[in-house]
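Spelled out, the chains give:
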Amino acid sequence: MQQILVVQSSARQNGSLSREYTANLVAKLQAQHPEAKVVTRDIGANPVPHLDETLLNGWMKPADQQTDADRAADARSNELVDELLASDIVVIGSPMYNFGITSTLKAWFDHVLRAGRTFKYTETGPVGLTPDRKVYIVASRGGRHQGSPLDHQQPYITTAFGFIGIQDLTFIHVEGQAMGEEEAGKGRAEADKALSELAA
Ligand SMILES: Cc1cc2nc3c(=O)[nH]c(=O)nc-3n(C[C@H](O)[C@H](O)[C@H](O)COP(=O)(O)O)c2cc1C
């Protein structure tokens, strides 16, 4: 075990449940793997750039036609892919915003779902190139959405990681946080239980 990558995508630093529960989870993982280095990518605080023409040039234009800006955008993007590939365990803090993931997490996926690096096109369709690894996702939600057709968070994350070859996902749900004190407490108790079972 060499590296644990933590991707935080809540827009808030204070009162964020995804940050709180990912921190608890990471503490447990560190106790299990004291030798592992923890790398945090806080895209809630420091969003990665959206895809733009410069970056697409960096990815797709022949090298001799690229500008310095194209190459710099490509290098920044490669850093995110390298960070993912170098990590044995990935922990994602994912609040549900408007039924899906945050736009900051979507932008991160836009960088790491990369042709030629994490997947490739073949005659029979795209194939993942990323060796499988453990991914934990703390999904915090105001409502309760597990199994609901309104949940575009868990299915998207599952599809995106599956597309590049990562299948070993565990979701920890912190739900019901905008449904009153009792439901919020129940949602936290369920998340606490899920975390304690993980550590067992
Ligand atoms: C802009 C915004 C949109 C949200 N949209 C949803 C939603 O569609 N469904 C839901 O259940 N909760 C929604 N919520 C509630 C959050 O998922 C909930 O507050 C969660 O705890 C946020 O994660 P955090 O505590 O890590 O910041 C939304 C919150 C914000 C700020």
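This structure is a prediction, so every number in the text was calculated from the model and none was measured.

*Asks:* Describe the UniProt feature "domain: Flavodoxin-like fold" (unreviewed entry) in the protein, naming the residues involved and giving the relevant values.
*Replies:* Sequence positions flagged by UniProt for "domain: Flavodoxin-like fold" (unreviewed entry) are, in local numbering, residues 3-197. Span residues 3-197 is 41% helix and 21% strand, its end C-alpha atoms 22 Å apart.

*Asks:* Which residues make up the packing of aromatic side chains, and what values go with them?
*Replies:* Per the stated rule, a full pass over the model turns up six aromatic pairs. Taking 5.6 Å as the distance between ring centres and 85° as the angle between the ring planes, the aromatic pair formed by phenylalanine 109 and tyrosine 156 counts as edge-to-face. You can see phenylalanine 109 sitting in helix H4 (residues 103-112) and its partner tyrosine 156 sitting in helix H5 (residues 154-164), a full 47 residues away along the chain. Ring geometry for phenylalanine 119 and phenylalanine 163: centres 4.5 Å apart, planes at 50°, overall tilted. Here phenylalanine 119 is found in strand E4 (residues 119-122), whereas its partner phenylalanine 163 is found in helix H5, with 44 residues between them in sequence. A relative accessible area of 4% places phenylalanine 119 in the buried class. A relative accessible area of 29% means that phenylalanine 163 is categorised as partly exposed. Positioned above the aromatic ring of tyrosine 136, the side-chain terminus of lysine 134 is 5.2 Å from the ring centre.

*Asks:* Before we move on, could you go through the sheet that holds strand E1 (residues 3-8) and cite the residues and values that matter?
*Replies:* With parallel pairing, the five strands of this open sheet are ordered in space as E2-E1-E3-E6-E7. Lying at the two open borders of the sheet, with one neighbouring strand each, are strand E2 (37-42) and strand E7 (169-174). The sheet shows a mean angle of 15° between the axes of neighbouring strands, taken without regard to direction. Strand direction decides the pairing type here: strand E3 (residues 89-95) and strand E6 (residues 134-140), joined by seven bridges, are parallel. Along E6, the bridge assignment pairs isoleucine 92 with isoleucine 137. Packing of helix H1 (residues 17-32) onto the sheet brings it into contact with E1, E2, E3, E6 and E7, and relative to E3 it is tilted by some 165°. Of the strands in this sheet, E1, E2 and E3 are in contact with helix H3 (residues 68-85), which crosses E2 at around 145°.

*Asks:* Now, about the UniProt feature "binding site: FMN" (unreviewed entry) in the protein: what can you tell me, with residues and values included?
*Replies:* Mapped onto the present numbering, the UniProt feature "binding site: FMN" (unreviewed entry) falls at Ser10, Ser16, Leu17, Ser18, Met96, Tyr97, Asn98, Phe99, Ser140, Arg141, Gly142 and Gly143. Within the secondary structure layout, serine 10 lies in the loop between E1 and H1. A residue is classified by how much of its surface remains accessible, and serine 10, at 2% relative accessible area, is buried. For serine 10, the contacting residues outside a window of four places in its chain are Ser16, Ser18, Arg19, Gly44, Gly93, Pro95 and Tyr97. Polar contacts involving the side chain of serine 10 include one to the main-chain amide nitrogen of arginine 12, which spans 3.1 Å. Position of arginine 141 relative to the elements: it lies in the loop between E6 and H5. Setting aside chain neighbours within four positions, we find arginine 141 in contact with Met96, Gln146, Asp151, Gln153, Gln154, His173, Val174, Glu175, Gly176 and Gln177.

What counts, and where the lines are drawn
Residues numbered from 1 in each chain as written. Predicted model: local features only at pLDDT ≥ 70, side-chain atom pairs only at ≥ 80, totals over all residues. Heavy atoms only, no water. UniProt positions renumbered as here; feature names shortened; annotations may be inferred. Helix = DSSP H or I, 4+ residues; strand = E, 2+ residues; numbered from the N terminus. Phe/Tyr/Trp six-rings, centres within 6.5 Å; stacked < 30°, edge-to-face > 60°. Buried < 20%, exposed > 50% of the residue type's maximum accessible area, 1.4 Å probe, protein only. Lys NZ or Arg CZ within 6 Å of the ring centre and 35° of its normal. Pairing = 2+ DSSP bridges. Axes fitted to C-alpha atoms, helices over the stretch in contact; angles between N-to-C directions. Contact = heavy atoms within 4.5 Å. Polar contact = N/O pair within 3.5 Å; in protein donor to acceptor, adjacent residues only side chain to side chain.

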